[in-house]
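# Results of the structural survey
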Amino acid sequence: MIRYYLLVMGLFLALGLIPKSHRLMNALAAGNGLLHLIMSCVALLVLDLPGRLGESLYLDHLNLYVELITALGFSAAAFYSRGYTDSLMEAGELDPKNLKTFYLAFNLLLVTATVALFSDNLALFWIFAELTTVCAAMLVAILSARENIDAALKYVFIVSGAMLFAFLGLIFLFTLSEQALGEGTLDWTELAVHASEFSPALLLASFTFMFIGFGAKAGVAPFHTWLPDAYARAPSVSAILSGLMQNLGIYGIIRIYALLRETGAAPQASSILIAAGIFSIALASFSMFQQRNLKRLIAFSSVEHMGLLLIGIGIGTPLALFWVLFYMLVHVLVKETLLFSAGILHRQYRSNMREDMKDVFKLQPRAAWGLILGSIAIIGMPPFPLFPAKLFILLESAEISPYLTLAVLMMLILAAASFANFLLKAFSKVTNERENEKEEHSHTTGTPAGLGGTVKESSAGKTGNEKSRLPGQYLVREGMRAPAVFMLALALALGFYFPDSLRDLLDAIILELGYV
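What counts and how
The residue count restarts for each chain, going from 1 along the sequence in the order it is written. Selection of residues for local features in this predicted model requires a pLDDT of at least 70, selection of side-chain atom pairs for listing and counting requires 80 or more, and totals for whole chains, interfaces and linings are taken over all residues. Excluded from the side-chain calculations are hydrogens and water; all other atoms, namely the structure's heavy atoms, are used. Grid points spaced at 1 Å and placed over the protein atoms alone form the basis of the search, with a cavity being a set where a 1.4 Å probe fits but cannot get out and a pocket an open set showing protein on both sides within 12 Å along at least five of seven lines. Lining residues have an atom within 4 Å of a point. Grid points are joined across faces, edges and corners, and a volume is the space filled by probe spheres set on the points. For the purposes of this entry, the term helix denotes a DSSP run of H or I that reaches at least four residues, the term strand denotes a run of E that reaches at least two, and both are numbered from the N terminus. Each residue is assigned to one of three classes by its accessible area relative to the maximum for its type, calculated with a 1.4 Å probe on protein chains only: buried under 20%, partly exposed between the two thresholds, exposed over 50%. Throughout, a residue-residue contact means that at least one pair of heavy atoms, one from each residue, lies within 4.5 Å. Whenever Lys or Arg places a side-chain nitrogen within 4 Å of a carboxyl oxygen from Asp or Glu, that contact is recorded as a salt bridge. Comment: axis = line fitted to C-alpha atoms, over the contacting stretch for helices; angle = value between 0 and 180 degrees taken between N-to-C directions. An angle below 35 degrees is read as roughly parallel, one above 145 as roughly antiparallel, one from 65 to 115 as roughly perpendicular, and any other as oblique. In this scheme the crossing of two helices becomes right-handed for a clockwise turn of the near helix relative to the far one and left-handed for an anticlockwise turn of less than a right angle. Amino acid classes used here: Ala, Val, Leu, Ile, Met, Phe, Trp, Tyr, Cys and Pro are nonpolar; Asp, Glu, Lys and Arg are charged; the rest, including Gly, are polar. Here, nonpolar core means buried Ala, Val, Leu, Ile, Met, Phe, Trp, Tyr and Cys residues that are tied together by side-chain atoms lying within 4.5 Å of each other. Like charges are joined within 9 Å and nonpolar side chains (Val, Leu, Ile, Met, Phe, Trp, Tyr) within 5 Å, but only among residues with over 30% relative accessible area and no salt bridge; these make up the patches. Residue burial considers only the protein chains on display, and all accessible areas are found by Shrake-Rupley using a 1.4 Å probe. Helix span is expected to be 1.5 Å times the residue number reduced by one. Of all possible arcs, the one meant is that of the directions from the helix axis to the C-beta atoms. The aromatic pairing rule takes the rings of Phe, Tyr and Trp, using the six-membered ring of Trp, and pairs them if the centres are within 6.5 Å, calling planes under 30 degrees apart stacked, those over 60 edge-to-face and the rest tilted.

The next point concerns the layout of surface pockets. The method is simple in principle: a probe with the dimensions of a water molecule rolls over the atoms, and the space it marks as empty is what remains. By volume, the largest pocket amounts to about 470 Å³. Lining the largest pocket are 16 residues, and of these L44, L68, S501, L502 and L505 sit closest to its centre. The set of elements that each furnish at least two residues to the lining of the largest pocket consists of α2 (22–46), α3 (61–90), α13 (318–349), α20 (481–496) and α21 (500–512).

Written out as structure tokens, the structure reads:
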């Protein structure tokens, strides 16, 4: 079955290399995301889960749920990327000759992630998870800048190096299964049935090695160092890194923890997850407070949220896992809102630094409000749905230790203060009259007006929007605002209404993983 899927997707990817029109290439990418989104929804509604598709593919509620989140985030990023990449090409930051390579890697990333999620065999999961690293690195390095190549190489070296430890963990696990069953296997379904027969000490060693690999994929500390550079240097793909790559790592951690949850190694594994989660939150919170780069601030916020997810997984109760799963969905919705809005400000000021941002409400008011509302949502303020997710994970942590809850709460408050500090300093700066006259003069003469300046253009053939824009204002391209509005609106809707279908889906995941 996996061969047929790869064959069909290979033909689709080859088709994407034919058109020369950017509009058509982008339409194919958006269609790829929507196709996977529809297929996930149909599978959840129609198929009798869990079940197999051929020898290698295994479908259950968990991998279909993560695939649905992945396809949703990918589709939104595809719609956003058209205007963003047009802007990059006009600025000379993206070579038009590399556009087909960009969309090839863009589409291939979703295909490899899909195969990884639906693989019943852990070795196959590891191979395709590694292929997603290569595809994501191509997207980071696609821009014509040395810093992007450095960020891509750093990403590959850190994540692939950590995934070698995960490979060692797989060898341990295969050996354990061979000793217990007489024949080695790396199939999720077989391992889940016989995990209680394995040696707890060796199973814990296997878990530890695999946690290093999947933790690096998720961007948890201390394996997070690739994440800030990738977020800061990547184009619109930084949204995919949040929506796809990090959730893929968390998915792997949920799976391997579920294997040993009912064994003697469970308490030690839980301690590893909680300790790594606390460390991630602490490091991210203190790093965020001193950040002056907007995308790096958002990147460290992702490290913080991955840390809280690790704590929820490590607590190991059905209620904690329920809200961890819900958290994975909402985090993608809100984080993409932040990254899409940050991308518009980057095109406006040609910088992510807060000292370069001024007159934000005058030049890009919608992007400014997107960042403000997204920041309110990401720190977990009501009525946004991260509030109940954080609340119930913290309440469950209090059952382990109230001091743990207090420490995590204080660090979350520091992270929230970091967003408030950044936004106040970045959005409160306005241009005085002398600077404004200078920018107007540079606009009319066609010379760059600082970081927010424009290049020379004739008045003939301008659209109504171009004629009405302010001096030095970046004209936001078609399709760049809609994905941010849609993702934020969907997150807000989940804050007011929790669908019964979503609750049933999360309950089914918990049941299949053996938590109930």
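Once the structure has been displayed, the description carries forward.
Once that is clear, we can look at the side chain of S177. Looking at the element boundaries, S177 is found in helix α6 (residues 146–181). The exposure class of S177 is buried, given its relative accessible area of 0%. Apart from residues no more than four positions distant in its own chain, S177 is found in contact with G182, E183, G184, T185, L191 and F198.

The subject of this paragraph is the pattern of salt bridges. Summed over the entire model, instances satisfying the criterion amount to 5 salt bridges. D120 is paired through a salt bridge with R52; the nearest N and O atoms lie 2.4 Å apart. Of this pair, D120 sits in the loop between α4 (99–118) and α5 (122–141) while R52 sits in strand β1 (residues 51–53), placing them 68 residues apart in sequence. Relative accessible area serves as the criterion here: at 1%, D120 is assigned to the buried category. Judged by its relative accessible area of 40%, R52 falls in the partly exposed class. In this structure, D500 and R503 form a salt bridge, with 2.9 Å as the shortest nitrogen-oxygen distance. With D500 and R503 both in helix α21 and 3 residues apart, the pair spans about one turn of that helix. Exposure remark for D500: the relative accessible area of 48% places this residue in the partly exposed category. We classify R503 as partly exposed; its relative accessible area is 32%.

Another aspect to go through is the packing of α4 against α5. Packed helices, taken two at a time, are described by the angle their axes make and the gap between the axes. The interhelical angle for the contact between α4 and α5, taken along N-to-C directions, is 160°, at an axis separation of 8 Å. Considered as vectors, α4 and α5 are oriented roughly antiparallel to each other. For α4 against α5, the interelement crossing comes out left-handed. Along the contact surface, α4 presents T101, F102, A105, F106, L108, L109, T112, A113, V115, A116 and L117, while α5 presents F125, F128, A129, L131, T132, C135, A136, M138 and L139. Broken down by class, the residue content of the contact of α4 with α5 amounts to 17 nonpolar, 3 polar and no charged.

Quick look at the nonpolar core now. Ranked by internal contacts, the top residues of the largest apolar core, which has 170 residues, are L173 and L325. The element that contributes the greatest number of residues to this core is α13, accounting for 21 residues. Excluding anything up to four places from it in sequence, L173 contacts L122, L186, L191, F198, L203, S206, M210 and L259.

Our next topic: a nonpolar patch on the surface. Taken together, the side chains of L34, I38, V42, L45, V46, L47 and F79 make up a nonpolar region of the molecular surface, amounting to roughly 690 Å² of accessible area. Ranked by residue count, the leading element in the nonpolar patch is α2, at 5 residues. Within the element layout of this structure, I38 appears in helix α2.

Counted at 1.5 Å a residue, the expected span for α20 with its 16 residues is 22 Å, and the 23 Å between its end C-alpha atoms agrees. Taken together, the buried positions of α20 are P483, A484, M487, L488, A491 and L494. Taken around the axis of α20, the buried residues stretch over an arc of 125°, which confines them to a single face. For α20, the exposed residues set more than 90 degrees away from the buried face come down to V485 and F496. On its buried side, α20 packs onto α3, α13, α15 (365–378) and α21.

How two aromatic rings sit relative to each other is given by the distance of their centres and the angle of their planes. A full pass over the atoms with the stated rule returns 23 aromatic pairs. Seen in terms of ring centroids, F125 and Y251 are 5.8 Å apart; in terms of plane orientation they differ by 50°. Their pairing is tilted. Of the two residues, F125 sits in helix α5 while Y251 sits in helix α10 (residues 238–260), which places them 126 residues apart along the sequence. Classification of F125 as buried rests on a relative accessible area of 0%. Y251 sits in the buried class, given a relative accessible area of 1%. With centroids separated by 5.3 Å and ring planes inclined at 75°, the aromatic side chains of F322 and W323 adopt a geometry described as edge-to-face. In terms of burial, F322 and W323 fall into one category: buried.

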